[in-house]
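Residue-level listing of the chains:
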Amino acid sequence: MRTFLSIAIVALAGCSISSRSSVLPASTPDSAHVRAPYVYIAGYDVNGKGTYGQVSVYAPLATTPLRVLKRGIPYPVRMAFDASHTLYVLNRMGGRYGEGVIDVIPPGATSPSRVFSQPQGYGAAYDLAFDKPGNLYVANTQPNAGNVAVYAAGTLKLLRTITKGVNYPVRLALDSSDNLYVSNYEAPSVTVYASGSTKVLRTIRFSFAKQQQPYGLAFDAAGNLYVCNHPPSNNVSGSVLEYKAGTATLLRTITNGINAPADLLFDASGYLYVLNFGTVASPGSVSEYAPRSGTAAVSVCCALTRAMAVDSSSRLYVLVYTGSYSPGSLSVFAPHSAKVERTFTSGILSEPLALALSGV
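Residues numbered from 1 in each chain as written. Predicted model: local features only at pLDDT ≥ 70, side-chain atom pairs only at ≥ 80, totals over all residues. Heavy atoms only, no water.

Enquirer: If you had to explain the sheet that holds strand β5 (residues 87-91) to someone new, which residues and values would you point to?
Expert: Reading across the sheet, the four strands line up as β4-β5-β6-β7 and stay open at both edges, with antiparallel pairing between neighbours. Among the strands making up the open sheet, the edge pair consists of β4 (76-81) and β7 (114-117). When the angles between neighbouring strand axes are averaged without regard to direction, this sheet yields 20 degrees. Here strand β6 (residues 101-105) pairs with β7 via four bridges, running antiparallel. Counterpart to aspartate 103 in the pairing with β7 is valine 115. (Pairing = 2+ DSSP bridges. Helix = DSSP H or I, 4+ residues; strand = E, 2+ residues; numbered from the N terminus. Axes fitted to C-alpha atoms, helices over the stretch in contact; angles between N-to-C directions.)

Structural data, given as structure tokens:
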């Protein structure tokens with residue numbers, strides 16, 4: 001199974017930021033009076049002309065970068081903001097051991113205030129997330145079956161390492177009680193850990209025989225867990241599974257508009273967005289569902305979707321890879337619509353990998 005994952009992840013790495021940081025809190029129901037966010041786009045230059053990774057930062061409504069950060073950013077695959085709007089960039093390469101580094105970038109900075117290497121042997125990281133106190137969780141697929149490393153807020157001191165139940169972790173999410181959920185691609189399963197614990201509290205099992213492998217995770221307003229079933233076959237469409245809050249009880253399965261789903265998130269109004277990687281038979285897309293609906297109301301974009309985010313006005317941002325050496329692009333869609341409001345190309349490298357929004 002790792003052979004397929006290594007191929008698929010080239011197209012899926014950085015598809016979306018964690019569910020908590022993907023959606024900016026709504027400040028008013030009138031979207032015309034909501035301030036547009038700053039946009040952060042991370043990527044890598046596959047041309048290899050001396051530029052490796054970078055993060056481009058765009059002021060609200062701008063389509064050319066306000067600033068570009070390059071120092072200490074070798075291969076960015078995921079990004080997330082903490083409560084102070086400090087940006088954390090997860091890199092799969094670089095560092096003392098060549099296994100990846102974490103860049104810490106304060107608001108408005110033009111370079112990282114800290115470039116942090118994980119302990120030796122940890123690496124091939126796939127995702128990051130924060131709990132309410134601000135502790136950082138990192139999903140690593142090395143060593144052995146991988147682990148989830150937990151670092152103290154602000155200091156990045158290693159607090160604990162979770163290995164029980166972990167098997168090639170690719171996505172992380174924390175619920176309202178700071179229970180940790182881990183998508184294990186190799187197992188396949190979603191394992192749950194009580195806040196502060198390294199012991200498995202609950203396991204939701206998937207089946208290779210049924211073409212099931214978990215990927216993206218998100219919670220709705222009721223605390224129900226949604227899981228992308230990203231099947232191991234390039235010819236199987238997959239599904240999104242909803243589980244009752246705090247249990248392993250399956251409530252429903254969404255298949256309409258689903259096409260090898262990789263990530264998902266909710267906006268402030270309860271609309272569900274699913275990023276589909278696509279199959280051999282049909283291209284990728286982002287499908288949007290009204291609250292509690294299992295039928296896609298809107299489907300937008302693009303053969304090679306890489307990442308998505310939603311702002312407080314429910315505008316959808318979709319990062320796209322061109323499939324060549326030319327720059328990628330970012331399209332912004334009107335709320336609950338397939339209408340493109342603006343498109344970014346300036347400042348986007350040939351391998352766009354991660355996307356994040358911030359109020360500052």
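Next, the rest of the story.
Enquirer: Please set out the environment of arginine 252 residue by residue, giving values where relevant.
Expert: Among the secondary structure elements, arginine 252 is positioned in strand β19 (residues 250-254). Overall, arginine 252 belongs to the buried group, its relative accessible area being 19%. Put simply, arginine 252 and glycine 294 are 42 residues apart on the chain and 8.9 Å apart in space, counted from C-alpha to C-alpha. Once residues within four sequence positions are removed from consideration, arginine 252 is found in contact with Tyr226, Val240, Leu241, Glu242, Arg292, Ser293 and Gly294. A polar side-chain atom of arginine 252 sits 3.3 Å from a polar atom in the side chain of tyrosine 226. At a separation of 3.4 Å, a polar atom in the side chain of arginine 252 contacts the main-chain carbonyl oxygen of serine 293. (Buried < 20%, exposed > 50% of the residue type's maximum accessible area, 1.4 Å probe, protein only. Contact = heavy atoms within 4.5 Å. Polar contact = N/O pair within 3.5 Å; in protein donor to acceptor, adjacent residues only side chain to side chain.)

Enquirer: Please give an account of the sheet that holds strand β28 (residues 351-358) that cites residues and values.
Expert: Reading across the sheet, the four strands line up as β3-β2-β1-β28 and stay open at both edges, with antiparallel pairing between neighbours. Each having just a single partner strand, β3 (67-69) and β28 make up the two edges of the open sheet. Neighbour to neighbour, the strand axes of the sheet diverge by 20 degrees on average, direction disregarded. As defined by bridge partners, strand β1 (residues 38-44) adjoins strand β2 (residues 53-58) across six bridges and the pair is classed as antiparallel. Residue pairing for β2: isoleucine 41 is matched across the bridge by serine 56.

Enquirer: A description of unusual backbone geometry should follow, citing residues and the corresponding values.
Expert: The residue after glutamine 142, namely proline 143, is reached through a cis peptide bond having omega -5 degrees. With respect to the helices and strands, the residue proline 143 is situated in the loop between β9 (136-142) and β10 (147-151). That bond from alanine 187 to proline 188 is cis: its omega, -15 degrees, falls within 30 degrees of zero. As for its position among the elements, proline 188 is in the loop between β13 (180-184) and β14 (189-193). Residue histidine 85 is not a glycine yet carries a positive backbone phi of 70 degrees. Within the element layout of this structure, histidine 85 appears in the loop between β4 and β5. Notably, alanine 260 is not glycine yet its phi reads approximately 55 degrees, a positive angle.

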